[in-house]
Amino acid sequence: MPELPAMKKSERGKWQSPMPLRKPPGGDGYDIWPAFSIADGMISPGYRSLSERLLEQKVIIIDCYNGVYQDRFEQEIRAAAAEKGYKVRWVQTDQFLKHEDVIIEMTAPWSGGDDPLFGKRCELELEDFFDMKALRQAGPDSSFDINIIAGPGAALAGWNGLTVYADLPKNELQYRAREGTISNLGLRAPAGPKEMYKRSYFIDWPVLNRHKAELLESVDILIDTQRPDEPVWIEGNTLRAALKEMSHSIFRVRPWFEPGPWGGTWIKENISGLSREAPNYAWSFELITPENGLLLESSSLLLEISFDFLMYAAAGAVLGDCHKRFGTEFPIRFDFLDTFNGGNLSIQCHPGPEYTRSHFGEAFTQEESYYILDAKDDAIVYLGFRDETDPEEFRRKLEESRDRQVPFETERFIMSHPSAKHDLFLIPYGTVHGSGKNNLVLEISTTPYIFTFKMYDWLRKDLYGQPRDLNIGRAFENLFFDRKGTYVTGNLKSKPELIEVGDGWKQWHLPTHHSHLYDVHRYSIQTSAEIMTGNKCLVMNLVGGERILVETQTGVKQVISFAETFVIPAAAGGIMVTNLAEEEAILVKAFIK
């Protein structure tokens, strides 16, 4: 694979356009803007309509996620108020933040220090970042017509007024971080993209998400701010009703697509609507709920909310029998890894549950499997050690490769397995693995997604021309060297078992590893099949065929196309799936054991 030229921060817009204001006309095939439809006229666009709604009030609280361009909001709302002759007092919450040095010291236990990738999920509350006495003393001033307090934590001031929440999708937040137009919570200046992402994941997001959860029931207006020139907004009661409806129906999250140093061509060639200028697409975030959003559609207008709003509103209905165990965390992840005409993934492993809890503060760990949705004839998966692998020599050779920048003899130490469509390779924590080139992998996993300990990455640089970080030490604290030889061939490739046959359909069990929290079933559907939830949340993907019609027990109908991921909440009860094409439909289902 030829080395890709280093990208510039300013090139982001060439390959990842902002979400359109209106849903594009539908077509056949994969939909990159899947939306949950609500009644007409429920979403409003633009600053003018927003200002008209806000300026009905005398006291306005505009709380928001970090990364929102607050200056633009202030400019537009002040201008609208001036047209009406209103005298506005605008208070920004950042003036009440503790000094940056205090915040850095306060968050040090969770920041990960010099580790370039990992910290620990922060346990602080948002109010810990503020001088709360000063914030609460900054009350409304009756000499002004309108008092507005705005910024992350605005609701902490205790004002009594219209409560607004300005949300920002995680992908847009990361693009702004890469471009250096925002900084982390409480810090004055942006840092490098990796450092900002690490601090966001481990500090900003846990703190802000807890605050967001507390606000949901009291929010009067929610604003999607990803288009700085044209926000869209929805009334809080309408939002909460939509979330309740969604928790009993079928839905898809908004997928998003990222290039990578090993990325391939399958996604670009098979999913329409994506930029052709991207160097490749390595990932599709099909369902990575800490970062994906949910789209609402009303009168063709689109509004995005973060997935966690659904969980804060209706986690019990979504998760069913595993709600007590996972709370408001969604436990299953689906994503695509595209190496078609690309490169091999790194040689890697993932941490065990106790290591993940103690080092990173996560409630559960990263337990993966590779479902091969498509593959070329020469495709392979690296999985498990060879019988003759000596751990000390393995580590010595890895470190030699890292230090001297010389190739590592991968196949001398690690087994490789031919991969073909519909194979399921099992990757319990601590197992050495990596997809080879020329696969489209549907990665089925528990939700944690960044805890990958790379041991060898084929001497590649990232898309910005920087060396990719290796984690040999952490890997060796978690590797199982007895996952080798016949253990791998006997236990780490799922062996399908036919468990039920109906009129025009068959159901197969694809057993996962005994340590996996989730299980996998596969349906072959010629005509139609009823699938019950059994009080479990079902995550599904159409891995074969063209199109199916999914109908819920409440009468909601949605067409699902090849390769699309969708969720059936436990409270939905069940669905009827009808094959809309002559070709057999093949449907994969994952659920918590």
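Going by the structure above, here's the rest.
Okay, so let's go over this structure. Because the structure is predicted, anything quoted here is derived from the model rather than measured.

### Brief notes about the sheet that holds strand β28 (residues 557-561)
1) Next: As summarised here, the arrangement of the 4 strands in space is β25-β30-β27-β28, forming an open sheet in which the pairing is antiparallel. The sheet terminates laterally at β25 (528-532) and β28, the two strands that pair on one side only. On average, each strand axis in the sheet is inclined to that of its neighbour by 25°, with strand direction left out of account.
2) Next: Judged from the 5 bridges that link them, strand β27 (residues 547-552) and strand β30 (residues 574-579) form a sheet pairing that is antiparallel. Residue pairing across strands places leucine 549 opposite threonine 578, the latter belonging to β30.

### Points about the state of the cysteines
1) Next: Scanning the model with the defined rule gives 0 disulfides in all.
2) Next: Distance from the sulfur of cysteine 122, which forms no disulfide, to the nearest cysteine sulfur (cysteine 64) is 18 Å.

### Description of the pairing of strand β22 (residues 497-502)
Across a regular strand the side chains alternate sides, sitting on one face of the sheet and then on the other.
1) Next: Taken together, the 5 bridges between β22 and strand β23 (residues 505-510) define a ladder with antiparallel strand orientation. Among the inter-strand pairings, leucine 498 is bridged to a residue of β23, identified as tryptophan 508.
2) Next: The antiparallel pairing of β22 with β23 creates a hairpin that spans 2 residues between the two strands, and glycine 504 there sits at a positive phi of about 90°.

### Observations concerning the environment of glutamate 123
1) Next: Looking at the element boundaries, glutamate 123 is found in the loop between α4 (100-111) and α5 (132-137).
2) Next: Glutamate 123 sits in the exposed class, given a relative accessible area of 60%.
3) Next: Between the C-alpha atoms of glutamate 123 and proline 206, which are 83 residues apart in sequence, the distance is 7.6 Å.
4) Next: Apart from the residues lying within four places of it in its own chain, the contact partners of glutamate 123 are Trp110 and Arg210.

### Some words on the packing of helix α6 (residues 170-179) against helix α7 (residues 193-215)
1) Next: It is the contact of α6 with α7, at a shortest axis distance of 11 Å, that shows an interaxial angle of 140°. On the basis of the axis angle, α6 is oblique to α7. The element α6 and its partner α7 pack so that their crossing is right-handed. Residues Lys170, Leu173, Gln174, Ala177 and Arg178 of α6 lie in contact with α7, whose contacting residues are Pro193, Met196, Tyr197, Ser200, Trp205 and Asn209.
2) Next: Considered class by class, the residues forming the contact of α6 with α7 number 6 nonpolar, 3 polar and 2 charged.

### Here's the deal with the packing of aromatic side chains
1) Next: Inspection of every chain in the model, using the stated rule, returns 37 aromatic pairs.
2) Next: Relative to phenylalanine 307, the ring of phenylalanine 251 has its centre 6.1 Å away and its plane inclined at 50°; by these criteria the two rings are tilted. Taken as a pair, phenylalanine 251 in the loop between α8 (236-246) and β9 (256-258) and phenylalanine 307 in the loop between β12 (301-306) and α10 (308-319) lie far apart in primary sequence, 56 residues in all. The residues phenylalanine 251 and phenylalanine 307 share a single accessibility class, namely buried.

### Considerations on the side chain of histidine 521
1) Next: Here histidine 521 shows up in strand β24 (residues 518-525).
2) Next: In terms of polar contacts, histidine 521 uses its side chain to reach the side chain of glutamine 507, at 2.9 Å.
3) Next: If sequence neighbours within four positions are ignored, histidine 521 has contacts with Ile499, Gln507, Trp508, His509, Leu510, Leu587, Val588, Lys589 and Phe591.

### A word on the nonpolar core
1) Next: Core analysis: the biggest nonpolar cluster contains 171 residues, and Phe330, Phe394 and Met455 have the highest contact counts within it.
2) Next: The greatest single-element share of this core, amounting to 8 residues, is contributed by α7.
3) Next: Leave out the neighbours within four places in its chain, and phenylalanine 330 touches Leu287, Thr289, Phe307, Met311, Val318, Leu319, Phe364, Thr447, Cys537, Val539 and Val567.
4) Next: Grouped together as the second largest cluster of nonpolar side chains are 20 residues, Ile250, Ile568, Ala585 and Phe591 included.

### A closer look at the pattern of salt bridges
1) Next: With the rule as written, the count across this model stands at 33 salt bridges.
2) Next: Its salt-bridge partner being arginine 178, residue glutamate 258 comes within 2.8 Å of it at the nearest N-O pair. One end of the pair, glutamate 258, is in strand β9; the other, arginine 178, is in helix α6, with 80 residues separating them in the sequence. Here glutamate 258 and arginine 178 have matching classes, each one buried.
3) Next: Between glutamate 399 and arginine 395 there is a salt bridge whose closest N-O contact spans 2.9 Å. With glutamate 399 and arginine 395 both in helix α13 (residues 391-404), this residue pair falls 4 residues apart, about one helical turn.
4) Next: Looking at glutamate 399, the relative accessible area reads 24%, which means it is partly exposed.
5) Next: Residues participating in the shared-partner salt-bridge network are Arg333, Asp335, Glu368 and Glu443.

### A word on unusual backbone geometry
1) Next: Not every positive phi belongs to a glycine, and tryptophan 458 is a case in point at roughly 60°.
2) Next: Of note, tryptophan 458 is situated in the loop between β21 (453-456) and α15 (472-476).
3) Next: With relative accessibility at 23%, the residue tryptophan 458 sits in the partly exposed group.
4) Next: Notably, alanine 563 is not glycine yet its phi reads approximately 80°, a positive angle.
5) Next: Note on placement: alanine 563 falls in the loop between β28 and β29 (565-568).
6) Next: What makes alanine 563 buried here is its relative accessible area of 1%.

Parameters at a glance
- Residues numbered from 1 in each chain as written.
- Predicted model: local features only at pLDDT ≥ 70, side-chain atom pairs only at ≥ 80, totals over all residues.
- Heavy atoms only, no water.
- Pairing = 2+ DSSP bridges.
- Helix = DSSP H or I, 4+ residues; strand = E, 2+ residues; numbered from the N terminus.
- Axes fitted to C-alpha atoms, helices over the stretch in contact; angles between N-to-C directions.
- Disulfide = S-S within 2.5 Å.
- Buried < 20%, exposed > 50% of the residue type's maximum accessible area, 1.4 Å probe, protein only.
- Contact = heavy atoms within 4.5 Å.
- Parallel < 35°, antiparallel > 145°, perpendicular 65-115°, else oblique.
- Left-handed = near helix turned anticlockwise from the far one by under 90°.
- Nonpolar A, V, L, I, M, F, W, Y, C, P; charged D, E, K, R; others polar.
- Phe/Tyr/Trp six-rings, centres within 6.5 Å; stacked < 30°, edge-to-face > 60°.
- Polar contact = N/O pair within 3.5 Å; in protein donor to acceptor, adjacent residues only side chain to side chain.
- Core = buried A, V, L, I, M, F, W, Y, C linked by side-chain atoms within 4.5 Å.
- Salt bridge = Lys/Arg side-chain N within 4 Å of Asp/Glu carboxyl O.

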